[in-house]
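# Coordinate analysis (summary)
The residues making up each chain are set out below.
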Amino acid sequence: MIALPRPRRTRGGDSKGRDGRGPGTHTRERSRAFGLRTRLLAAFLLVAAVSAGTTSALTYREARNALLMTSQDTAVSTFRDQVQRTGWGLPVEEEGLQEFLRDLARSGKPRPWVVFAEYGSVRASSGENPVSTVITPELRRAATADRYGSFQRVVKDGVPYLTIGIPTLFRTGPDSVLPTGLVLYAVMRMTDEQINVDALLVAARNGALPGLAVALVPALLAARSVLRPVRELRRAARSMGSGRLDTRIPVRGRDELADLADTFNESTGQLERSVGELREAEARARRFASDVSHELRTPLAGMLAVTEVLDQDADRLDADTAQAVRLVSAETGKLAVLVEDLMEISRFDARAAELNSDEIDVAEAIRKTLQTRRWADDDRIRTELPTGVRARLDPRRFDVVVANLVGNALRHGGAPVTVLLRTEAGPSGTLVLVVEVADRGPGIPAAALPHIFDRFYKADAARTRSPGSGLGLAITLENVNLHGGTIHAANLSGGGAVFTVEIPLRAEEAGR
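Let us look at the structure shown here. (Residues numbered from 1 in each chain as written. Predicted model: local features only at pLDDT ≥ 70, side-chain atom pairs only at ≥ 80, totals over all residues. Heavy atoms only, no water.)

### Things to note about the overall build of the protein chain
Scanning the protein chain from terminus to terminus reveals 11 helices and 12 strands. Going through the 512 residues of the protein chain one by one, you find that 35% of them count as buried. Of the contacts formed within the protein chain by residues at least 6 apart in sequence, a portion of 66% connects residues at least 24 apart. Per element, the accessible surface of the protein chain, about 29,900 Å² overall, is 55% carbon and sulfur. (Helix = DSSP H or I, 4+ residues; strand = E, 2+ residues; numbered from the N terminus. Buried < 20%, exposed > 50% of the residue type's maximum accessible area, 1.4 Å probe, protein only. Contact = heavy atoms within 4.5 Å. Areas by Shrake-Rupley, 256 points an atom, 1.4 Å probe, with all protein chains shown as cover.)

Rendered as structure tokens:
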């Protein structure tokens, strides 16, 4: 037994998975969740979110700054005025300083302050602690360096404060002043301002979220207006793919989508006309081939009868006449085969070919095919035909398939030609009948593999006068397809070509 490797599929293969769907189906299902509608909605909502967020952020910032600046300016100007209106004598006495600071703190705006005083080593305040932990070294340096003082917002332990430092001055002349060395500091809690700022933030956030919800409505409307022509285009494309070339898309408006619909309609119109012309040309060609084949059958029958008589008397003729008679007889036989093949192809083209299926013993059918062609005792042919393999086939068409493959291997391949029969599980789990015909010849050129089943195609240009019609493998392909099967051609690793036929066993019908 010769073990043949599984061939590389070159034609007629099934690209569907076990679930019967193409390999791109799952990818399309996964990508549909991120389709054009989703992307349009996402883009629209993203723009709305960015706009609402930007507007809310800017509004919040301006409102926050205005709120804080109002309290800050009021406190700074009030404290500065209070300090400047107070006259100071030198040196500053610690006695009575605390009471003065309390009076100053009670006049604080927009709310009471805690006032601290620093004069050399003297520290006093209007509160319980003479020294503030909120006043920073940066503020002390700025307050002593600038006669108008300075202020700073700080946060300590999560509580916001406004700190103000103003140096006290005494006049030495109409236009001149000198610092006394006493620096007053006001510390004001900004808790109320922080509450108002937090309320602004919540309001901005709560205003943005409903805005996004409201933006979803125009987003859906916009997506619908954009996707409706796209869906119509998809339906039209599917309709055309199913053969309805008169499909058109309604044109609405004057925008780019309307231009697309108009262009699609023009293209489909041109395609419909072109396909119609091609179909008419194909129909004329089929009618021509069929009519010619039918017209040639009658004269060919007479010519074959005459050539048979001449062949019988060729031995009694002179050498030149006998050679001419045999040449005429051979060419007449080729013409008869060509006419029969053309008639068979014309039936396939006209969709007139039908299956007359019957349950047969496949191994016995192959042996009968070999015996009919007188190949059963040919030393060039080896068979591996296990018994008990039954299938529902058209006996005549299956005979044509086996005969064409074996004859092709004998003519163009090399001995031995091996015919193998087996069954195996197909992609969907059903049993498949497999027939392999292999030879040990030079194999099929790589450039010829994709065209090996084309009509009138010959891999070797030098074989223009080969006995075949050039339609044998094309007829084989049509017969296999009619059975719902596939046929593949490949080259063996050790040399030679192999043709693999796979036909469903249809066990459910065979068991009836």
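### Describing empty space enclosed by the protein
Inspection of every chain in the model, using the stated rule, returns one cavity of 30 Å³ or more. Put simply, the largest cavity is a space of about 30 Å³. Taken together, Pro 229, Leu 233, Ile 249, Leu 257, Leu 260 and Ala 261 make up the lining of the largest cavity. At the level of secondary structure, the elements contributing two or more residues to the lining of the largest cavity comprise α5 (191-241) and α6 (256-313). Element by element, the count of residues in the lining of the largest cavity is highest for α6, at three residues. Among the residues making up the lining of the largest cavity, the classes are represented as six nonpolar, no polar and no charged. (1 Å grid on protein atoms, 1.4 Å probe; cavity = no way out; pocket = protein on both sides within 12 Å on 5 of 7 lines; lining within 4 Å. Points joined across faces, edges and corners; volume = space filled by probe spheres on them. Nonpolar A, V, L, I, M, F, W, Y, C, P; charged D, E, K, R; others polar.)

### Details of the packing of aromatic side chains
Throughout the structure, instances matching the rule amount to two aromatic pairs. Centroid distance Phe 79 to Trp 113: 5.2 Å. Interplanar angle 85°. Geometry classified as edge-to-face. Linking Phe 79 in helix α2 (residues 36-84) with Trp 113 in the loop between α3 (97-106) and β1 (114-119), this pair joins segments that are 34 residues apart in sequence. Trp 113 carries the same exposure label as Phe 79, and that label is buried. Measuring from ring centre to ring centre gives 6.1 Å for Phe 453 and Phe 499, while their planes differ by 90°; the resulting arrangement is edge-to-face. Taken together, the positions of Phe 453 in the loop between β10 (431-438) and α10 (472-482) and Phe 499 in strand β12 (residues 497-504) put the pair 46 residues apart, joining distant regions of the chain. (Phe/Tyr/Trp six-rings, centres within 6.5 Å; stacked < 30°, edge-to-face > 60°.)

### A short note on the pattern of salt bridges
Scanning all chains against the criterion turns up 12 salt bridges. Between Glu 99 and Arg 106 there is a salt bridge, and its shortest N-O distance comes to 3.9 Å. Its salt-bridge partner being Arg 248, residue Glu 272 comes within 2.8 Å of it at the nearest N-O pair. Note that Glu 272 is positioned in helix α6 and Arg 248 in the loop between α5 and α6, a separation of 24 residues in sequence. Judged by its relative accessible area of 31%, Glu 272 is partly exposed. Linked through salt bridges whose partners overlap, the residues forming this network are Glu 99, Asp 103 and Arg 106. (Salt bridge = Lys/Arg side-chain N within 4 Å of Asp/Glu carboxyl O.)

### What to know about the side chain of Thr 369
Looking at the secondary structure, you find Thr 369 in helix α8 (residues 362-372). Residue classification places Thr 369 among the buried residues on the basis of a relative accessible area of 2%. There is a polar contact of 2.7 Å between the side chain of Thr 369 and the side chain of Asp 399. Once residues within four sequence positions are removed from consideration, Thr 369 is found in contact with Asp 399, Val 402 and Ala 403. (Polar contact = N/O pair within 3.5 Å; in protein donor to acceptor, adjacent residues only side chain to side chain.)

### Considerations on unusual backbone geometry
In this model, Lys 109 is joined to Pro 110 through a cis peptide bond whose omega is 0°. Residues Ala 415 and Pro 416 are joined by a peptide bond in cis, for which omega reads 0°. Structurally, Pro 416 is set in the loop between α9 (395-412) and β9 (417-425). One non-glycine residue, Asp 157, lies in the positive phi region at around 55°. Looking at where Asp 157 falls in the secondary structure, it is placed in the loop between β3 (150-156) and β4 (159-171).

### Thoughts on the sheet that holds strand β7 (residues 381-384)
Pairing between the strands of a sheet comes from backbone hydrogen bonds, and it takes one of two forms, parallel or antiparallel. Strand order in the open sheet made by the five strands is β7-β9-β10-β12-β11, with mixed pairing throughout. Unpaired on one side and paired on the other, β7 and β11 (486-491) mark the two borders of the sheet. The average angle at which neighbouring strand axes cross in this sheet is 20°, direction not considered. Pairing of β9 with β10, which is carried by eight bridges, proceeds in the antiparallel orientation. Along β10, the bridge assignment pairs Val 419 with Val 437. On the sheet, α10 packs against β11 and β12 and is oriented at approximately 135° with respect to β11. (Pairing = 2+ DSSP bridges. Axes fitted to C-alpha atoms, helices over the stretch in contact; angles between N-to-C directions.)

### As for the environment of Gln 82
Of note, Gln 82 is situated in helix α2. As for Gln 82 and Leu 104, which are separated by 22 residues in sequence, their C-alpha atoms are 7.3 Å apart. Excluding anything up to four places from it in sequence, Gln 82 contacts Leu 104 and Ser 107.

### Points about the packing of α8 against α9
The N-to-C vectors of α8 and α9 enclose an angle of 55°; their axes lie 9 Å apart at closest approach. By the angle between their axes, α8 is oblique relative to α9. Our pair here, α8 against α9, has a crossing hand that is right-handed. Taken together, the residues of α9 that come into contact with α8 (itself represented by Val 362, Ala 365, Ile 366, Thr 369 and Leu 370) are Phe 398, Asp 399, Val 402, Ala 403 and Val 406. Among the residues forming the contact of α8 with α9, the class breakdown is eight nonpolar, one polar and one charged. (Parallel < 35°, antiparallel > 145°, perpendicular 65-115°, else oblique. Left-handed = near helix turned anticlockwise from the far one by under 90°.)

### Observations concerning the sheet that holds β3
In spatial order, the strands read β2-β1-β5-β4-β3; together these five strands make up an open sheet with antiparallel pairing. Single-partner strands in this sheet number two, and they are β2 (122-125) and β3. Within this sheet the neighbouring strands show an average axis-to-axis angle of 20°, counted without direction. As paired elements, β1 and β2 share four bridges and run antiparallel to each other. Among the inter-strand pairings, Glu 118 is bridged to a residue of β2, identified as Arg 123. Of the strands in this sheet, β1, β3, β4 and β5 (177-189) touch helix α4 (residues 137-145), which is tilted by about 170° from β3.

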